[in-house]
Amino acid sequence: MSARKKTWVRCAFSEMNLTTSPAPSESTPEKRTRSASNVSSSRVPRSRTPSINTKPVQIPDVESVDLTAMDDDQDADITGPPPEVKENWMESFEPATSDDLAVHPKKVGELRDWLRHCEAVRKKFPAQMCLLTGPTGAGKTATLRVLAKEFGYQLQEWINPIDCEVVNALGDQTTGASYVGSHLEAFKSFLLRASRYKSLLDSQNKRLLLVEDFPNVLLSDKEVNFEELLEEYTAYGKSPLVFIVADAKSRGLNISYRLFPDQLKAKHRIEHISFNAIASTIMQKSMKTFCSVMQQNKATYKVPSTAVVDSIVVGAQGDIRNALINLHLSSLKGVSSMPTKQLNVSVSAKGRKKKMQSTLKSIGRDESITLMHALGRVLNPKFNEDKTMLHSPEEITEAFNTEPRNFVNFVYANYLPHFKEIDDVVTAIDDLGLSDCMLNEYRDDNLSVMGLNVAIRGVMMANTCPVSGWMPVRGPKRINIQPQATLAEQRLVGVAYAGIARTLYATEYSSLVKLIAGKLGDTTSSQSTDSKQVF
Amino acid sequence: MALWVDKYRPRELSKLDFHKDQAANLRNLCKQSDFPHLMFYGPSGAGKKTRIMCLLREMYGSGVERLRSETMTFTTPSNRKVEVMTVSSNYHLEVNPSDAGMYDRTVVIDLIKQVAQTHQIEISGQREFKVIVISEGDELTKDAQHALRRTMEKYVATCRIIISVNSTSRIIPAIRSRCLGIRVAAPNETEIVSILQNTCKREGLALPVELAKRVVDKSERNLRRALLMLEAAKVAKAPFTANQEIPDLDWQVFLRETASQIISEQTPAKLEKIRERLYELLTQGVPPNLIFRGLVEQLVNNCDMSIKAKTLEFATEYEHRMQSGAKHIFHLEAFVAQFMNIYKSSFLSWS
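The numbers attached to residues start from 1 for each chain and follow its sequence in the written order. All chains are assigned letters beginning at A, and all ligands numbers beginning at 1, according to the order in which they are written. Local features are withheld for residues below a pLDDT of 70 in this predicted model, meaning they are given only at 70 or higher, and side-chain atom pairs are given and counted only at 80 or more; totals for whole chains, interfaces and linings count all residues.

As named in an unreviewed UniProt entry, chain B is Replication factor C subunit 3, taken from Drosophila sechellia. UniProt positions are given in the numbering used here, feature names are shortened, and annotations may be inferred rather than shown by experiment. Here chain B is described in UniProt, under the heading Subcellular location (unreviewed entry), as follows: "Nucleus". Of chain B, the UniProt comment under Sequence similarities (unreviewed entry) reads exactly: "Belongs to the activator 1 small subunits family."

For chain A, the name recorded in an unreviewed UniProt entry is GM25836, with Drosophila sechellia as its organism. One UniProt comment on chain A, placed under Sequence similarities (unreviewed entry), says "Belongs to the rad17/RAD24 family."

Structural data, given as structure tokens:
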């Protein structure tokens, strides 16, 4: 216990040292964390008590998020002479109240309800858990921050330590023998300690833990670890805990899918709130707010034209962070004191305006089209007046070249109803088959892209008289052949045959064995009905 | 209940019914203390497996017949668990790696390592190596075959591999050269007839020669199929008569119907129905090359002379593509579509 207290004291002071020293760059949390941990880790071995394990490095991380600081920074920056754009210019645009949020009020309400619930059961079950998911830039973190402030919570965030140097057991002698501690241990102690003990510097009494940055160990290892961790937290934790996970396209990368299976969510009563991408109307509104903020800061910004703003909204595709970055970029004023790099950007931004309206390719998110959308373009190709294709096959190929096989399978499963003539089908399926061969050739990466292109182009071009009408999209079929004969089938043949391969069984044995066994009076009713269904 | 195929399977090399010279050679091979990796090749139902088991028995004694089957689990590099059923005795282990599909490489490497790294404890009177029998070796992916050739060399001191394949054409040359190839041809008609009659005698049944010949025809000289058909026919009608009905294989019947549907109508909608039927066959586990072959035979038999050549030309092209591709259904469908197209256009040009 005493050791623990000491760390807190020390941390507090190290924090103080930093804040008193004239370092205006403090405003970004991450920067500060890094510098703080550097300081502390360099100090620990020399001055502090032995037998402190992971704590000293960890705690500064915990302390790093301070929402209240940003307003002061803003003032200082506007009046101050610094020639650079201040480091985290984004903070001046951060929402202060829940009304400023660009998130749909219903989602904000859901999160607020959860926080109210936390308040209600605070005495009995303090360790409530919540999972926020949604696409990037949907305002998950911002919403949480605003609401945490509203409810008077001190937000404490876990940030993966870059290095976790720890003194060994004989810490007094600085032998230099330190080792890298386990991130998992550090994470565990963060969860348990940060939820229980408050920092000396904080005025607020309540803490809210935030995990946005998952330790890699949790992802690479089996989830058993994580479940145990959550169990421990429900038993000992004293504060609500929020996980924020951005959606990912692929399943393997999807943390919410891998770490939070449904039964886990049910078991620990994890509230799951999934955010949607921000609607363009709301986004437009908040862009106006951004513009008004910009006008207060005339030294840095000029007011962007509405056309630019509109095209930014379109280009961002519901990602408000992205929209803000683009807005910032396109409205920076070329001040002479600014570094040349910034100047260049601001100059070229003028030139880019036109492009952004039309294509939005140079700035902004890549235009990503969904699978269904692209399928529609392939199966119902549209042509311009001059017989060129409206959507070029290359465009679609580019969007799916990370998973060509999947896309080709989808095309195959759905192309047939769109064709009227068999000779068109021949051309299309010929190309599909060719692309299958190309995709199977793993030794050349380019070939897979070519294969996808062949399939897409083939299907698009082959259809001379497309069938119009509504056709439901079907998923590709998977052929799951049971590798071995089922138990019932094995009984028919006799146990000695367990080694028969499935294909052999299907071709040679199954039908005849059924006949033989059926007449012998074995109870094979299930078998025979099965066979009737199929054949 | 044991099937006739199993009940009357020869257990010793000296009791084999055909290829007797070869059996004598195999026995000579066993008399020496060592033997190379072997590759048995020949059509399905010719007795490759029977010969392998006889050979093992000749080498290790009756201990190889005490079989146990167990499911082994392998973990692929992508952390996927693959379960493969193996049948083993104290002396050998039989596995069908193609059950693991595209993960067969892992199975081949891990399995051989496991077996090869455990030495026989008691070597008095035994061979000092174990035998791994790989059935359906031609279903192995190229990747797995390359892995196999490396492990074959590395663990040659402690294990021998016997591969059973239908055709050596799909085995990479590196493996072909490392194995002693033993061809097991399908038995000829008189051999099968005599085997069938022997079997019936032991069962206490009289078998008319005409019926036996018809069974041989229908089974395409596949001994296993012939015995199963005969047994099924016996169940249907106990004392045999010369012109009694011989049951068909249901997938062949199904394929025949599919072919007649293709000929009845040539539209994309019909093609879609055909696709469903092909999927059904594939999910039942009928290998795509058998489907392809059956389909071509049926279609060629049912179409006009003028388009037969064209049909076969396309069949060869798409069959070849099917071997190099991964989605068999694409190529089956491509062939069906091509056939529909040429059939339809030839039909239109007549009328």
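**So, the overall build of chain A**
Put simply, DSSP marks the helices as runs of H or I at least four residues long and the strands as runs of E at least two long, and each gets a number from the N terminus on. Scanning chain A from N- to C-terminus turns up 23 helices and seven strands. Working definition of burial: number of other C-beta atoms within 10 Å of the residue's own, with buried at 20 or more, exposed at 12 or fewer, and partly exposed in between, all C-beta atoms being placed from the backbone. Residues classed as buried in chain A amount to 37% of the 535 residues present. The contact criterion used is a C-beta to C-beta distance within 7 Å, with each C-beta placed from the backbone. Nonlocal contacts in chain A, meaning residues at least 24 apart in sequence, comprise 74% of its contacts between residues at least 6 apart.

**Side note on the nonpolar core**
In a soluble, globular protein the nonpolar side chains are often hidden away together inside. By convention in this section, buried Ala, Val, Leu, Ile, Met, Phe, Trp, Tyr and Cys residues joined through C-beta atoms within 7 Å make up a nonpolar core. Counting 139 residues, the largest nonpolar core has Val-411 and Val-459 of chain A together with Ile-132 of chain B as its most contacted members. Of the residues forming this core, the biggest block, 11 residues, is contributed by helix α14 (residues 328-350) of chain B. Filtering out sequence-adjacent residues up to four positions away, Val-411 of chain A remains in contact with Leu-375, Val-378, Ala-455 and Val-459 of chain A. Listed in part, the 54 residues of the second largest apolar core include Ala-138, Ile-159, Phe-243 and Met-283 of chain A.

**Digging into the interface of chain A and chain B**
On the chain B side, the residues contacting the 43 residues of chain A number 55 residues. Residue assignment for the side of chain A that touches chain B shows that the elements contributing at least two residues are α19 (422-440), α22 (502-519) and α23 (525-534) of chain A. In terms of residues, the side of chain A that touches chain B owes the most to one element, α22 of chain A, which gives 12 residues. Looking at side-chain class alone, the side of chain A that touches chain B contains 26 nonpolar, nine polar and eight charged residues. Any residue that is not Ala, Val, Leu, Ile, Met, Phe, Trp, Tyr, Cys, Pro, Asp, Glu, Lys or Arg is counted as polar, Gly included; the first ten are nonpolar and the last four charged.

**A few points about helix α7 (residues 189-203) of chain B**
Residue and element names in this part refer to chain B. If you check α7, its first and last C-alpha atoms are 21 Å apart, about what 15 residues at 1.5 Å a residue would give, namely 21 Å. Along α7, the residues that are buried comprise Ile-192, Ile-195 and Leu-196. Burial along α7 is one-sided: seen end-on, the buried residues are contained in an arc of 100°. For α7, the exposed residues set more than 90 degrees away from the buried face come down to Thr-190 and Lys-201. How far a helix is expected to stretch is found by multiplying one less than its residue total by 1.5 Å. The arc in question is the one traced by the directions running from the helix axis out to the C-beta atoms.

**What to know about the confidence of the model for chain B**
Put simply, chain B has an average pLDDT of 87, and 97% of its residues get 70 or more. Of the two predicted TM-score estimates for the complex, the pTM is 0.63 and the ipTM is 0.80. pLDDT measures how confident the predictor is about each residue, on a scale from 0 to 100.

**Digging into the sheet that holds strand β3 (residues 81-88) of chain B**
Residue and element names in this part refer to chain B. Note on pairing: DSSP must find at least two bridges between two strands before they are called paired. If you walk across this open sheet you meet the seven strands as β2-β3-β4-β5-β6-β1-β7, and the pairing is mixed. Strand pairing shows two members of the sheet lacking a second neighbour, β2 (68-75) and β7 (180-183), which therefore form its edges. Ignoring which end each strand starts from, the neighbouring axes of this sheet average 25° apart. Across four bridges, strand β1 (residues 38-41) lies against β7 in parallel orientation. Looking at β7, one finds that Leu-38 is bridged to Leu-180. The axes are straight lines fitted to the C-alpha atoms, using for helices just the contacting stretch, and the angles between their N-to-C directions are given from 0 to 180°.

**What to know about helix α9 (residues 223-236) of chain B**
Along its 14 residues, α9 of chain B runs 20 Å from first to last C-alpha, staying within 8% of the 20 Å computed at 1.5 Å per residue. Those residues of α9 of chain B that sit buried are Leu-223, Arg-224, Arg-225, Ala-226, Leu-227, Leu-228, Met-229, Leu-230, Glu-231, Ala-232 and Ala-233 of chain B.

**Remarks on the packing of helix α18 (residues 404-415) of chain A against α19 of chain A**
Residue and element names in this part refer to chain A. Close contact between α18 and α19 brings their axes to 11 Å; oriented N to C, the two are set at 160°. Between α18 and α19, the angle falls in the class roughly antiparallel. Every pair of crossing elements has a handedness; the one defined by α18 and α19 is left-handed. Of the residues in α19, those touching α18 at Pro-404, Arg-405, Val-408, Tyr-412 and Tyr-415 are Ala-428, Leu-432, Ser-435, Asp-436 and Leu-439. For classification purposes, an angle smaller than 35 degrees is called roughly parallel, one larger than 145 roughly antiparallel, one from 65 to 115 roughly perpendicular, and anything else oblique. By definition, turning the near helix anticlockwise from the far helix through less than a right angle yields a left-handed crossing, and turning it clockwise yields a right-handed one.

**Looking at the sheet that holds strand β2 (residues 153-158) of chain A**
Residue and element names in this part refer to chain A. In spatial order, the strands read β2-β5-β6-β1-β7; together these five strands make up an open sheet with parallel pairing. Looking at strand neighbours, the two that pair on one side only are β2 and β7 (271-274), the edges of this open sheet. Neighbouring strand axes in the sheet, compared pairwise and without regard to direction, differ in orientation by 25° on average. Pairing geometry for β2 and strand β5 (residues 206-211), over six bridges, is parallel. Across the sheet, residue Tyr-153 finds its bridge partner in β5, namely Lys-206. Across the face of the sheet, helix α6 (residues 140-150) comes into contact with β1 (129-134), β2, β5 and β6 (241-246) while running at roughly 160° to β6.

**Here we look at unusual backbone geometry**
Residues other than glycine seldom take positive phi values, yet Arg-269 of chain A does so here, at roughly 50°. Along the chain, Arg-269 of chain A turns up in the loop between α11 (262-267) and β7. Non-glycine residue His-19 of chain B carries a positive phi angle of around 55°. Tracing the backbone through its elements, the reader meets His-19 of chain B in the loop between α1 (4-7) and α2 (20-31).

**Concerning the confidence of the model for chain A**
All names here are of chain A. For chain A, per-residue confidence averages 68 on the pLDDT scale, and residues scoring 70 or more make up 61% of the total. Put simply, helix α15 (residues 340-358) is where chain A has its lowest mean pLDDT, 34, and α19 is where it has its highest, 91. Note on residues 1-84: pLDDT under 50 across the span, and 111 contacts to partners over four residues away in sequence or across chains. Within the model, the stretch residues 335-365 combines pLDDT values under 50 with 45 contacts to residues more than four positions away or in other chains.

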